[in-house]
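One letter stands for each residue in the lines below.
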Amino acid sequence: VRHLERVASIDAKTGLLNSAAWHARAERAVTRSGRGPGSAAVLVLDLDHFKDVNDTYGHLAGDEVLAAVADALQAEVRDGDLVGRFGGEEFVILLAARAGRTEADALTAAQSVADRIRRRVASLAVGLDTPDGPLTVAGLSVSVGAAVRPDGPADLRTLVHAADTALYAAKRAGRN
């Protein structure tokens, strides 16, 4: 049963939580954190121009790029934070509430994590084996939107919607 639960909650391409599992776990975490002090934050991330990767190198190469980005996201968060794949080239992260962290502290922390992720993704060089020989995909960028749950009640849906709105503002402002 444990194995089946794991398989049902993990995205096969990236090893991250799938959208349904991320939502369920994040909902529980936000509800728990609503009972105590400290602000949580959500980041919604989208790989910029990812269709170009698939169109240029193929979907299998795109899958390897997604896996590399997933590893980069995991490397930039702490234990207790939840990283998931929303679908396509979109990812989501719940930065868990920390006791004593104010809304301003949570926003600063979210901005710091987002910038570290942005820089790490920009530095990725994903090596691929192709029938024509080795190939490297580089020059990736990611746009990020963030939203902070203030101390007190707030639901996950509102938080994700606010982060998604911020993501599209980042895209309109020039991406990356």
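Here, the structure is the one placed above.
Residues numbered from 1 in each chain as written. Predicted model: local features only at pLDDT ≥ 70, side-chain atom pairs only at ≥ 80, totals over all residues. Heavy atoms only, no water.

1. Overview of the pattern of salt bridges
Move 1: Across all of its chains, the model carries ten salt bridges by this definition.
Move 2: Taken together, the shared-partner salt bridges in this structure form one network comprising Asp46, Asp48 and Lys171. (Salt bridge = Lys/Arg side-chain N within 4 Å of Asp/Glu carboxyl O.)

2. Focus: unusual backbone geometry
Move 1: Although it is not a glycine, arginine 175 adopts a positive phi angle of roughly 70°.
Move 2: Tracing the backbone shows arginine 175 in the segment after helix H6 (156-172).
Move 3: According to the relative accessible area criterion, arginine 175 is partly exposed, its value standing at 34%.
Move 4: Here asparagine 176, not a glycine, exhibits a phi torsion of approximately 55°, which is positive.
Move 5: With respect to the helices and strands, the residue asparagine 176 is situated in the segment after H6. (Helix = DSSP H or I, 4+ residues; strand = E, 2+ residues; numbered from the N terminus. Buried < 20%, exposed > 50% of the residue type's maximum accessible area, 1.4 Å probe, protein only.)

3. Here we look at the environment of leucine 124
Move 1: With respect to the helices and strands, the residue leucine 124 is situated in the loop between helix H5 (103-123) and strand S4 (125-130).
Move 2: In contact with leucine 124, other than residues within four places in its own chain, are Ala68, Val69, Val137, Ala138, Gly139 and Leu140. (Contact = heavy atoms within 4.5 Å.)

4. What to know about the packing of aromatic side chains
Move 1: What the rule picks out here adds up to one aromatic pair.
Move 2: Plain terms: the ring middles of tryptophan 22 and phenylalanine 86 are 5.8 Å apart, the flat faces sit at 80° to each other, and that makes the pair edge-to-face. Of the two residues, tryptophan 22 is situated in helix H2 (residues 19-33) and phenylalanine 86 in strand S2 (residues 82-87); the sequence distance between them amounts to 64 residues. (Phe/Tyr/Trp six-rings, centres within 6.5 Å; stacked < 30°, edge-to-face > 60°.)

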